[in-house]
Amino acid sequence: MTNLPPSDEAVIFNWRSLGAAIATISAVGAAIGLGIPLLSVLLESRGYSSTVIGANTAFAGLASIAAAPLASPIASKLGVVRTIFIMLLIGGAAFIGFHFFQDIWMWFVLRVILHFALTVLFVLSEYWINASAPPEKRGFVLGLYATSFAMGFALGPWLFSRIGSAGMMPFGVGFCIIMLAIIPVLIAWRDSPDFEEGEHVPFLPFIFTVPTATMAVFVFGAVETGGLALFPVFGAKIGYPEGDTALLLTIIGLGNVMMQIPLGLVSDRISDRRKLLLFCAVTGLGGMIGMPFLLGNWYLLAICLFLWGGVVAGLYTIGLAHLGSSLKGRELASANAAFVFCYAIGMLTGPQLVGIGMDVVGVNGFPLVLGIFFAGYAIIAAIRLMRFNKRG
């Protein structure tokens with residue numbers, strides 16, 4: 001989600017550090033990919049409305065908003081690896097806790113605990129990778145990192161399609177995945193980087209300094225979380241079996257896996273990344289407009305969602321690249337904090353609005369609300385392209 005700038009001194013490439021950070025982010029991706037549809041299906045089966053399901057998922061955004069600015073201070077006191085270790089334990093305990101606590105209010109509490117831990121893991125694993133990668137290989141390493149997260153994210157829905165939502169099994173599997181990430185972290189315990197000291201730069205002003213990047217990640221956070229949380233409910237309402245709906249989520253994740261490196265290569269070869277961000281937004285809007293016409297053909301819908309999922313995920317990847325090309329040093333560190341903050345706001349907003357849209361409009365509220373997010377961002381990106389030639 002965010003990364004802190006590495007030291008100006010040469011950084012020795014350390015594969016143990018890379019393995020630890022990738023294992024951490026893969027576990028985070030798998031936990032999110034499995035947990036969000038699993039919890040939504042269980043809540044829907046217990047008779048809760050789409051609004052309640054969306055609200056419960058949106059609490060992940062509140063947790064991320066709280067965790068993003070606290071990750072660095074916590075790691076400064078405890079150390080990067082020790083903090084990652086503790087957050088893996090907390091995240092694993094919260095994940096399995098959903099099985100043992102049935103009250104809806106407790107699920108809100110557990111959602112906050114889980115996603116606080118996952119957000120800290122996001123921040124620190126990205127910092128660890130960025131600090132461990134040499135400048136000449138940073139693009140390759142970060143591309144590998146992003147692909148690993150996407151693979152973990154795609155693994156979650158696939159596991160859900162195999163094991164279903166009944167009983168202890170899905171929660172036990174999620175717990176084990178998170179716990180397995182501890183092994184490479186322990187192996188690389190002595191290789192973790194320290195945080196750099198220096199004057200703190202407030203992050204909030206950077207939301208408006210590079211709005212094309214921060215609004216891109218806001219929309220991505222809203223669409224990713226809202227779409228993932230409510231898609232199982234959407235699938236059930238249009239008559240798809242639970243397994244088929246879960247496979248569609250997996251296909252969206254696979255599109256993310258396959259297309260991030262190609263999109264990154266394209267972004268390196270164009271004069272203004274905002275053009276590619278606009279393309280991603282228009283593609284997202286087109287997918288939502290076309291979705292109602294493809295529901296009768298599962299295979300055609302799957303192909304569309306594969307391409308749609310990969311291109312839409314470019315809002316995050318290319319938005320972060322645009323941010324990095326616009327700012328440097330401590331300003332970039334604070335801008336990254338603004339970036340993850342906007343992502344968290346999107347996580348908070350998306351599920352709630354999608355849930356309300358489905359309750360008010362019906363099943364078509366799902367593509368309608370997501371389409372509005374894409375349309376709004378496309379307008380912002382187009383205006384920035386037309387009116388500004390410098391930083392955006």
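Everything below is about the structure printed above this text.
Treat the numbers as computed from the prediction; the structure is a model and nothing was measured.

1. Digging into the overall build of the protein
- Within the protein, the secondary structure is distributed over 15 helices and 0 strands.
- Within the protein, the proportion of its 392 residues that are buried is 58%.
- Within the protein, residue pairs in contact and separated by at least 24 positions form 86% of the contacts whose partners lie at least 6 positions apart.
- When the accessible surface of the protein is summed, it comes to about 15,900 Å², and 69% of that surface belongs to carbon and sulfur atoms.

2. Details of the pattern of salt bridges
- The final tally for this structure, using the stated rule, is 1 salt bridge.
- One salt bridge in this structure joins Arg274 and Asp272, with 2.7 Å as the shortest N-O distance.
- Residue Arg274 is classed as buried on the basis of its relative accessible area of 1%.
- A relative accessible area of 16% means that Asp272 is categorised as buried.

3. Thoughts on helix H6 (residues 169–180)
- For H6, spanning 12 residues, the distance from its first C-alpha to its last is 16 Å, which sits close to the expected 16 Å at 1.5 Å a residue.
- Three or more residues of H6 are buried, namely Pro170, Phe171, Gly172, Gly174, Ile177, Ile178 and Met179.

4. Comments concerning a nonpolar patch on the surface
- There is a patch of nonpolar side chains on the surface, built from Leu78, Ile86, Ile90, Trp105, Val109 and Ile113 and spanning about 480 Å² of accessible area.
- Those elements that provide at least two residues to the nonpolar patch are helix H3 (80–100) and helix H4 (104–132).
- Counting residues per element, the nonpolar patch draws most heavily on H4, which supplies 3 residues.

5. Describing the packing of H3 against H6
- Relative orientation of the contacting elements H3 and H6 amounts to 180°, with a least axis distance of 8 Å. Comparing the axis directions of H3 and H6 gives the class roughly antiparallel. Contacts from Leu88, Leu89, Gly91, Gly92, Ala93, Phe95, Ile96, Phe98 and His99 in H3 reach Pro170, Phe171, Gly174, Phe175, Ile178 and Met179 in H6.
- Class assignment for the residues of the contact of H3 with H6 results in 11 nonpolar, 4 polar and no charged.

What counts, and where the lines are drawn
- Residues numbered from 1 in each chain as written.
- Predicted model: local features only at pLDDT ≥ 70, side-chain atom pairs only at ≥ 80, totals over all residues.
- Heavy atoms only, no water.
- Helix = DSSP H or I, 4+ residues; strand = E, 2+ residues; numbered from the N terminus.
- Buried < 20%, exposed > 50% of the residue type's maximum accessible area, 1.4 Å probe, protein only.
- Contact = heavy atoms within 4.5 Å.
- Areas by Shrake-Rupley, 256 points an atom, 1.4 Å probe, with all protein chains shown as cover.
- Salt bridge = Lys/Arg side-chain N within 4 Å of Asp/Glu carboxyl O.
- Expected span 1.5 Å × (residues − 1).
- Patch = residues over 30% accessible without salt bridge, like charges linked within 9 Å, V, L, I, M, F, W, Y side chains within 5 Å.
- Axes fitted to C-alpha atoms, helices over the stretch in contact; angles between N-to-C directions.
- Parallel < 35°, antiparallel > 145°, perpendicular 65-115°, else oblique.
- Nonpolar A, V, L, I, M, F, W, Y, C, P; charged D, E, K, R; others polar.

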